[in-house]
Amino acid sequence: MQITRMDLADKGSPEGIVMAILKAEPNLPIPVPIEELCRRLDIIEIQALTTAGFEGGLLTDRERSNGIILVKNGVSPQRRRFTLGHELGHFLMPSHLPDSEGRFLCSEMDMLLLNPKEGDRRAKMEVEANRFSSLILMPPPALRGEFGRKSVPSLEHMLALSKKFDVSKDAMARTYAEHHPEPIAFVVVRDGKVLRNYRNKIRFPYITALRGKAVPERSLFYRKGLQIGVPSDVDARLPDNWIYVERGRQAPRVSEQVYLQANGFALIMLWYEPADDPDYDEDGERTAKERLKHRQSRFT
Ligand SMILES: [Zn+2]
C-alpha cells in the first residue's frame, strides 16, 4: 500500500474520504485489509479495550498526529473489523471531536446508529463513523460488480457477500438493503420479536411492524420445518404483515425469505414489488415457485 494521510487532505465527509482512499489505492483487495490501512493512515497501535460497556475507542491528540484504536476483547473478527473502520473514521474526520479530551469511546448502540436525531452532534458523528466503516469495508465500486442487472436478491447472496467482504451478516444486510437495485429490506428478529429493520428509505415503504413486538403472525417466520442456518425458500406473503396497504387498491407484493440463527436471532428478507408494476401478475392461482420464476425471469 502506498497511501498516506496526505492523500486525504481537505476531505471531510465519509464519502469524500473513502473516494480519496480508493483513488490512492485503486487495487485495494477484497476483503479490505483494514488493519494495514489503519497503519498506513497513522494508527500506530491497536489495543484491547478494557472499559466495560464499550465496543471501541480511539486515543489521539488535538492535532491528530497519530492515533491508537481500542477494540473490545473477544468479539468476532468481523465485528472487530467494523469497529476498526468506525474508529478510523473518527480519526480521519477533522470535525469529529471526542466527549473527553483525546479519547473517543463508542458503545455497541453507537455502532448501530444510522440516523441521527436533529441537533444531536454526538449521534451525527457516530452515524458518520458507521457510514465510513461500511463504505471502506464494502467499497461501492466492488459492490456494484456484485449487484449487476441480473442480480436476484436473496439471503444466500447476502450471506455469500458477507463472507466475501469479511463483514458481519448484520453489516452486510444493512448495505444490501441500501444498495441492491431491487427494493429490499431486512428485519432483524431476536427471540421472536422485531429488533430493528434495514431498508432503503426511498425505494422500500415504511415498515409498520413495531420494534419489540412479535413478528406478524402470518409471516413466513412461523412456517414449520425451517432449519437453523439454512435460508428458507422465497415466498409471497400478505403485504400488510409489514407495510401499510390502502383499502380498495391493488395490493403490492411482498415476498419473504427467513434465515434462523442458532443464538435466537433471525433475519427476514423482504422483497417489495409495487402494485403498479407492469409485471404485476393478477393470477393469484400461481404457485409460489411459479411467481418466483416469473420474478426471476425479469433478470435473465
Ligand atoms: Zn464512535
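Because the structure is a prediction, the values reported are computed rather than measured.

**Side note on the sheet that holds strand E9 (residues 265-273)**
The strands that make up a sheet pair up through hydrogen bonds in the backbone, lying either parallel or antiparallel. Spatial ordering of the open sheet is given by E6-E5-E9-E8-E7, a layout of five strands whose pairing is antiparallel. Either end of the sheet is taken by a strand with one partner, and the two such strands are strand E6 (193-199) and strand E7 (235-237). On average, each strand axis in the sheet is inclined to that of its neighbour by 30°, with strand direction left out of account. The strands that helix H7 (residues 155-164) touches are strand E5 (184-190), strand E8 (253-260) and E9; relative to E8, the one it contacts most, it runs at about 50°.

**Examining the coordination of the zinc ion**
Here the zinc ion is held by His 86 (NE2), His 90 (NE2), Cys 106 (SG) and Glu 126 (OE), and the distances to it run 2.0 to 2.2 Å. What the four donor atoms of the zinc ion show is an angle range of 89 to 128° at the metal, which sorts the shape as tetrahedral. In the primary structure, the donors to the zinc ion are separated according to the pattern H-x3-H-x15-C-x19-E. With His 90 in helix H3 (residues 77-92) and Cys 106 in strand E4 (residues 103-106), this pair connects stretches of sequence that are 16 residues apart.

**With respect to the domain arrangement of the chain**
Each assigned domain of the chain is listed with its residue range as follows: domain 1 (5-137) and domain 2 (149-297). Between the C-alpha centres of domain 1 and domain 2 the distance comes to 31 Å. The partner domain 2 presents twelve residues to the eleven residues of domain 1 that form the contact. By the criterion of area lost to domain 2, the three top residues of domain 1 are Ile 30, Gln 78 and Leu 112, representing 39% of everything that side buries. Inspection of the region where domain 1 meets domain 2 yields one salt bridge. Taking the shortest distance from any N to any O, the salt bridge between Asp 166 and Arg 81 comes out at 3.5 Å. Scanning the region where domain 1 abuts domain 2 turns up three residue pairs in polar contact (both at pLDDT 80 or more). When residues of the side of domain 1 that touches domain 2 are traced back to their parent elements, those giving at least two are H3, helix H4 (108-112) and helix H5 (121-137). In terms of residues, the side of domain 1 that touches domain 2 owes the most to one element, H3, which gives three residues. Grouping the constituent residues of the side of domain 1 that touches domain 2 by class yields seven nonpolar, three polar and one charged.

Rules of the game
Residues numbered from 1 in each chain as written. Predicted model: local features only at pLDDT ≥ 70, side-chain atom pairs only at ≥ 80, totals over all residues. Heavy atoms only, no water. Pairing = 2+ DSSP bridges. Helix = DSSP H or I, 4+ residues; strand = E, 2+ residues; numbered from the N terminus. Axes fitted to C-alpha atoms, helices over the stretch in contact; angles between N-to-C directions. Contact = heavy atoms within 4.5 Å. Donors = N, O, S within 2.8 Å, 3.2 Å for Na, K, Ca; no water. Tetrahedral: all angles 85-135°; square planar, octahedral: opposite > 155°, others 65-115°. Domains from an automatic or database assignment. Buried area = accessible area lost by both parts, 1.4 Å probe. Salt bridge = Lys/Arg side-chain N within 4 Å of Asp/Glu carboxyl O. Polar contact = N/O pair within 3.5 Å; in protein donor to acceptor, adjacent residues only side chain to side chain. Nonpolar A, V, L, I, M, F, W, Y, C, P; charged D, E, K, R; others polar.

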